[in-house]
Amino acid sequence: MSLDPPTYLYSLQNNIRARPIPWDGAVRAGTINDEQLSKIRAVDKVRKDQRKQVIESDLDGYRILFLGEPSVKPSVLESASRRADVVQYIIVLLGDLLEGVPALSKVLLEHPEPYKPLLPLLQSTNTEDPLPLLTSTVLTRMIASAPGLAKSAPVAMPKLLTYLSTLAKSSDGGLQDIAVLQYSALLRGRKSRELFWSQRKETVSPLIDILRAAASVGGNGDSASVWSGGASVRSVPEGTLGGNVGLQLLYDILLVIWQLSFEGATVGEGLDDEYDIIQLFTQLLKLSPKEKTTRLLVSSLYNLLSTNQSTLLPAAVLVRLPALLQNLNARHPSDQDLLDDLKNLTEMLEEYTKTQTTFDEYAAEVNTGHLRWSPPHRNSTFWAENARRILEHENGELPRKLAEIMGKPWENDKQVLAIACNDVGYLVKEVPEKRIQLEKLGLKTRVMELMTEPDETVRWESLNALSGWLRYSFEMK
């Protein structure tokens, strides 16, 4: 898969190719030697077929030119390290050669330390220095060209990912797209995807931030309107979504997450626990402007849900994904892969929902860590029939989860605290003899704290819940 370079990178490379380099002067100054210059001139500014022929007839010579020989000859990059213009030119030339002569990539990777001359070039104290960016494209091409991660790649790739993450965190959409395109080129094998996931605070988190901006979801993923099914994107310029995220950048990021989703068994639960990925992708599906972005969203959801059915299917039902899939089917999409994934995903969710009781739905909602006013919360019959079971289920796991939910501030979604107080009140009312179990979890103390909340609904529900304890305050414990 060959990805066209973004406009900024393409322009930068062209400018460097057009620069006149005083090669003879560089030799006289000892920046490079005659042998190195001879090899550079043999492939610089010549026809592509001639360049390919020259390199293939001297693969070992060009491996030594760019990577050197340990303890014998330095790389031309090391020799010219004091001349930024020469190093930049050689890096761009190397990138061109790697693209046009696949045999060169193979022979470079046979070197005992193929990335050693390149890794130091990722670092620069000058933020305007283009060398780290140019070097990252060469490293990406080398690492991605190997069928599996080459022997030194597990050392080089984390450093490359760290650099690319700085581009992804930039406010410049062009730099973000360069990072994302290089991520995509790297994530072709299981090992590389595992490395990418292991650095998710650097790699995944900035991408999720961009997707949240596109979906108009809060930074903590706790937008009340999304969970209630009512989120909508605000008016934005044509060709963009929320946060002025361009459609091409959106597609490229979704492609990276789709590639990562093939390791669903490894990353699925973490993606939802840390990033609310099911909620986020469901919202993006509502807003998806193109069939190609819809295809990536649906396929990613299928990969993640099919490998984490017990943990992620409840979250999918909670955010009303089944109803959304019905709407998507009604649009009669033309892409066959999308149709197949829609069918498989719909069938999986239908099979799951057939087996769920109201208690299962409530437990699934609590376990997502995010509450909404779903039917069980206000249903007194539900609490009469299930309160004891909720307290005893899996040795009190659900009350512990309620305590965890109530311990958060929920600044952007105060209704979560109101719902939790409602539930605690019903538990005390229906099973008063178990209220000490709730007190030990800190729930009574937290309910009392919430009586001072500015939000009126939270204050009301906390007062209502506390009344259950006061009713039994004079009974023997």
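That block above? That's the structure.
Keep in mind that what you see is a predicted model, and the values were worked out from it rather than measured.

About the thresholds
- Residues numbered from 1 in each chain as written.
- Predicted model: local features only at pLDDT ≥ 70, side-chain atom pairs only at ≥ 80, totals over all residues.
- Heavy atoms only, no water.
- Helix = DSSP H or I, 4+ residues; strand = E, 2+ residues; numbered from the N terminus.
- Expected span 1.5 Å × (residues − 1).
- Buried < 20%, exposed > 50% of the residue type's maximum accessible area, 1.4 Å probe, protein only.
- Contact = heavy atoms within 4.5 Å.
- Polar contact = N/O pair within 3.5 Å; in protein donor to acceptor, adjacent residues only side chain to side chain.
- Salt bridge = Lys/Arg side-chain N within 4 Å of Asp/Glu carboxyl O.
- Bend = angle between axes of the 7 residues up to and from the residue.
- Patch = residues over 30% accessible without salt bridge, like charges linked within 9 Å, V, L, I, M, F, W, Y side chains within 5 Å.
- Areas by Shrake-Rupley, 256 points an atom, 1.4 Å probe, with all protein chains shown as cover.
- Phe/Tyr/Trp six-rings, centres within 6.5 Å; stacked < 30°, edge-to-face > 60°.
- Lys NZ or Arg CZ within 6 Å of the ring centre and 35° of its normal.
- Lys, Arg positive; Asp, Glu negative; His and termini not counted.

### As for helix α11 (residues 173-186)
So, point 1. Between its terminal C-alpha atoms α11 stretches 20 Å, which fits the 20 Å expected from 14 residues at 1.5 Å a residue.
So, point 2. Of all 14 residues making up α11, 11 are buried, and the element is well covered by its neighbours.
So, point 3. Among the residues of α11, those classed as buried are Gln 176, Asp 177, Ile 178, Ala 179, Val 180, Leu 181, Gln 182, Tyr 183, Ser 184, Ala 185 and Leu 186.
So, point 4. At its buried positions, α11 is contacted by α1 (7-17), α9 (131-145), α10 (153-168), α12 (190-198), α13 (204-215) and α15 (247-260).
So, point 5. Two to three positions downstream of the cap, the backbone nitrogen of Gly 174 sits 2.7 Å from a side-chain oxygen, assigning the N-cap of α11 to Asp 172.

### Description of the pattern of salt bridges
For side chains of opposite charge, pairing can occur when their charged atoms come near one another.
So, point 1. Across all of its chains, the model carries 24 salt bridges by this definition.
So, point 2. Asp 60 is paired through a salt bridge with Arg 63; the nearest N and O atoms lie 3.3 Å apart. Of this pair, Asp 60 and Arg 63 both sit in helix α5 (residues 59-67), 3 residues apart, roughly one helical turn.
So, point 3. Linked through salt bridges whose partners overlap, the residues forming this network are Arg 190, Arg 193 and Glu 263.

### Points about helix α23 (residues 380-392)
So, point 1. Here α23 contains 13 residues, and its C-alpha end-to-end distance of 19 Å stays within 8% of the 18 Å for a straight helix at 1.5 Å per residue.
So, point 2. Remark: the principal bend of α23, roughly 55 degrees, maps to Asn 386.
So, point 3. In the core, the buried residues of α23 are packed alongside α22 (358-368), α24 (397-406), α25 (415-430) and α26 (435-440).
So, point 4. The N-capping residue of α23, defined by a side-chain oxygen 2.9 Å from the backbone nitrogen of Thr 381, is Asn 379.
So, point 5. Count one or two residues on from α23 and you reach Glu 394, which has phi positive near 50 degrees.

### Notes on a nonpolar patch on the surface
So, point 1. Residues Met 448, Met 451, Trp 460 and Leu 463 make up a contiguous nonpolar surface patch of about 410 Å² in total accessible area.
So, point 2. Examined against the element boundaries, Met 451 turns out to sit in the loop between α27 (443-449) and α28 (456-471).

### Observations concerning the packing of aromatic side chains
So, point 1. The final tally for this structure, using the stated rule, is 7 aromatic pairs.
So, point 2. Relative to Trp 383, the ring of Phe 382 lies with its centre 5.3 Å away and its plane at 80 degrees, an arrangement referred to as edge-to-face. As far as burial versus exposure is concerned, Phe 382 and Trp 383 are alike and both buried.
So, point 3. Geometrically, the ring pair formed by Trp 383 and Tyr 426 is stacked, given 5.3 Å between the ring centres and 5 degrees between the ring planes. Here the residue Trp 383 occupies a position in helix α23, and Tyr 426 occupies one in helix α25, the gap between them amounting to 43 residues. A single burial state applies to Trp 383 and to Tyr 426, both of which are buried.
So, point 4. Taken together, the ring pairs in this structure connect Tyr 362, Phe 382, Trp 383 and Tyr 426 into an aromatic cluster.
So, point 5. Taking NZ or CZ as reference, Arg 378 lies 4.0 Å from the ring centre of Trp 373, over its face.

### Some words on the side chain of Glu 365
So, point 1. The topology assignment puts Glu 365 in helix α22.
So, point 2. Despite its burial, Glu 365 remains without a salt bridge, the nearest opposite charge being carried by Arg 372 at 5.2 Å.
So, point 3. A polar atom in the side chain of Glu 365 sits 2.5 Å from the side chain of Ser 374.
So, point 4. Apart from the residues within four sequence positions on either side, Glu 365 is in contact with Leu 318, His 370, Leu 371, Arg 372, Ser 374 and His 377.

### Looking at the side chain of Glu 453
So, point 1. Secondary-structure assignment places Glu 453 in the loop between α27 and α28.
So, point 2. Take Glu 453: its relative accessible area is 15%, and that puts it in the buried class.
So, point 3. Of the polar contacts made by the side chain of Glu 453, one reaches the side chain of Lys 414; its length is 3.4 Å.
So, point 4. Once residues lying within four places of it in the same chain are set aside, the contact partners of Glu 453 are Lys 414, Val 458 and Arg 459.

Keep in mind these values describe shape, not function.
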